[in-house]
Amino acid sequence: MGKKDISMQLLEKEFNTLNPEQRQAALHREGPLLVLAGAGSGKTKVVAIRIAHLINTGIDPKNILGLTFTNKAAQEMKERVNRFVGKDIIVSTFHSLGARILREAIHYLGYTPQFAIYDEDDVEKLLKTIAKEAFPAEVKFDVKKARTAISANKNALGQHEDKEYDQFYQLYIKKLKECNAVDFDDLLFLPVTLFRDFPDLLAYYQNRWNYLLVDEYQDTNMVQYEFVRLLVAKSQNLFVVGDPDQSIYSWRGANIRNILHFENDYPGAQIVRLEQNYRSTETILQAANAVIQNNTQRFKKSLWCSRGEGEKINVYTAQTERDEAEFVANTITHLQSVHDIPLNEVVIFYRTNFQSRAFEDQLIAKRIPYTIVGGISFYHRKEIKDILSFLRLLEHPNDLIAFLRVVNLPKRGFGEQFLAKVVGAARNANVSLLDLFTAPSPFAMSAKQKEGWQDFAQILAMLKEAKASKSLSELVRAAIMETKYLEVINADTETRQEKRENLAELIVKAEEWEQSQAAPSLTKFLEEIALVTSTDDLDTTELRVSLMTAHNGKGLEFQAVFLVGIEEELFPHVNSKKSEEDVEEERRLFYVGITRAKKILYICHASFRHLWGTLRHMRPSRFLYEIPAEFRKKTNLYSSYY
DNA sequence: ACCAGGCTTCTTTTT
DNA sequence: GAAGCCTGGT
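Residues numbered from 1 in each chain as written. Chains lettered and ligands numbered in written order. Predicted model: local features only at pLDDT ≥ 70, side-chain atom pairs only at ≥ 80, totals over all residues. Heavy atoms only, no water.

For DNA strand B, the set of nearby residues contains 28 residues, the closest of which are Arg351, Asn353, Phe354, Gly415 and Asn575. The sugar-phosphate share of atoms of DNA strand B within 4 Å of the protein amounts to 56%. In this structure, a sugar or linking oxygen belonging to DNA strand B sits 3.1 Å away from a side-chain N or O atom of His95. Residue His551 places a side-chain N or O atom 3.5 Å away from a base oxygen belonging to DNA strand B. In terms of residue count, helix 19 (residues 416-429) provides more of the surface near DNA strand B than any other element does, three residues in total. For the surface near DNA strand B, the per-class residue count stands at eight nonpolar, 14 polar and six charged. (Near = heavy atom within 4 Å. Polar contact = N/O pair within 3.5 Å; in protein donor to acceptor, adjacent residues only side chain to side chain. Helix = DSSP H or I, 4+ residues; strand = E, 2+ residues; numbered from the N terminus. Nonpolar A, V, L, I, M, F, W, Y, C, P; charged D, E, K, R; others polar.)

Lys128, Trp612 and Gly613 make up every residue found near DNA strand C. Within the side chain of Lys128, an N or O atom sits 3.0 Å from a phosphate oxygen of DNA strand C. Measuring from a base oxygen of DNA strand C, one finds a backbone N or O atom of Trp612 at 2.9 Å.

Okay, the environment of Glu324 next. Examined against the element boundaries, Glu324 turns out to sit in helix 15 (residues 321-339). Assessed through its relative accessible area of 0%, Glu324 is described here as buried. For the pair Glu324 and Ala491, spaced 167 residues apart in the sequence, the C-alpha separation amounts to 38 Å. (Buried < 20%, exposed > 50% of the residue type's maximum accessible area, 1.4 Å probe, protein only.)

Contact geometry of helix 6 (residues 120-134) with helix 7 (residues 143-155) gives a least axis separation of 10 Å together with a crossing angle of 115 degrees. Both helix 6 and helix 7 take part in a crossing whose hand is right-handed. From helix 6, Glu120, Val123, Glu124, Leu127 and Lys128 reach across to helix 7, where they touch Val143, Arg147 and Ile150. Taken together, the residues of the contact of helix 6 with helix 7 sort by class into four nonpolar, no polar and four charged. (Axes fitted to C-alpha atoms, helices over the stretch in contact; angles between N-to-C directions. Left-handed = near helix turned anticlockwise from the far one by under 90°. Contact = heavy atoms within 4.5 Å.)

Both faces of strand 3 (residues 90-93) are covered, namely the face carrying Ile90 and Ser92 and the face carrying Val91 and Thr93. Here strand 2 (residues 64-68) pairs with strand 3 via four bridges, running parallel. If you follow Leu65 over to strand 3, its bridge partner there is Ile90. After leaving strand 2, the chain enters helix 4 (residues 71-85) and then returns to the sheet as strand 3, a path that is right-handed. (Pairing = 2+ DSSP bridges. Right-handed = clockwise from strand over helix to strand, strands pointing away.)

Turning our attention to the packing of helix 17 (residues 382-395) against helix 22 (residues 472-481). Relative orientation of the contacting elements helix 17 and helix 22 amounts to 120 degrees, with a least axis distance of 9 Å. As judged from the angle between their axes, helix 17 and helix 22 are oblique. The chirality of how helix 17 crosses helix 22 is right-handed. Seen from helix 17, the contacting residues are Ile387, Phe390, Leu391 and Leu394; seen from helix 22, they are Leu475, Val476, Ala479 and Ile480. Residue composition of the contact of helix 17 with helix 22, grouped by class: eight nonpolar, no polar and no charged. (Parallel < 35°, antiparallel > 145°, perpendicular 65-115°, else oblique.)

This is the structure:
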């Protein structure tokens, strides 16, 4: 029996397990369809079977495009489809698809295809540079507010103009372009611009991908909505999956309207509701239903299941965050030994990243292996970004931010004023920042600066040569070993060991990546790094407890879930308490947390908590009391088990 | 230009 | 309670 027959059999077997609604969605072929998929209702399976079915009935896999928000979700969808039909479809995150389109077409807008992708760090630095240049020192300029305004404007396709920042916005766009760089928002904003301004280009992409599928549709913002609308305008073959109750990204511009008005936006659209939950116990599900019913702005929906009642939800009242963490660590050990729950089936969800610390301390003390998802990722570490900046500079000789990052490492006597002159000189001579160093300095310098100039010029020449003649991983190695960067690291006795290890790890990652690619290139490498998403490195097969924010938990499931810090001001967060709408979003987030649990759910809150360095009294969250008392019970590990 | 030491701000959530 | 920002002395 061939491989193909085996996957066909597998597909048929899986198809037979579907309930009627799931079947209806899985058999859908042409035209717009909205699947309202409640938590744990088997949507991934339905999506995969539907695509497999399309392929088996003659659609070329090349014409099918899946869009997700994280690389992990993309990978998972791709693998599932492959298992059924042995063929690969294109599944991509919105942002990497945007990057891909821009690599092919950004020259229409006057950039070169090697454009850099600036992360939040880079953007903030650029904004500060601009603010310094454009505004006199006495004008206090709030860079953060400007950043928010700019992002909101791009995400709303220019509809969200903020007069106060308009001039600044224009400057920012101009500067970015000078650097041949785009920000995250541009990865979608610019493709939409291209689609609108160049109908031929749009037509090309419409033909290339004429079966579109969008996951987590409730989290799409205006740009993403428009991007999708334009792509399917001709074929109308749009299959979207989402759950309004799990919409948790409105602060990033997500617009729940997109899912609520799907029928109006796509006339003749079919709607399928998946309300049977295959994940959680009845207790957990009823608790979740009860909580979410407190939201006024929602589609009525009620999940049901047949998994049995299960255990009650455990509520623990801790003294402090330390006590809370100790309780969780002890309970995890208990779950492992008494209930046979492996560590990779346990997760700790918190509202804000800083809360992870107390848990780390306790898990280390109890020798329980763990992984933190999100937080400061590997590629955002200072030493990693420094090295990557050397590489970026090779790729983008006018990348101002990368240049400013490395030009004075180690110290070469280049201060702020001096560097302003350097940047000006490059502009006047109409050469790139990088090329400026191929000639002697055009102005007077101190002895140290003279030496520094030559030194940096030599390093750049060496790296250029390495880029031309060596493999990517060798180039990374050269950027670390032959740029005097180690001097910078060695200066700090406290952290140098850790930093060296991280740099060694970077070389390994480059080697691995290089080997996984058919045609590795520096551009691609840098792009992939820029678009890493926080859940990407989550390896659920390793026996480790996961720690993450509730936001990062979406799409995942665990046998045992700890929802911690369930206190007023923290969850719901203070900043959201001003408006009822925002509280409703917090509630949805809480709902997402609850519905991740298959069997066991713990809810913890502390009576006192250290916040901003002071001890504060905390009251239990309203969300806790929204779970009917019959479903919860107080727990105290110390009295019951010791 | 650079450092040390004091001051403030910060903690939502992320592609 | 840390990281980043400013300031003043070298």
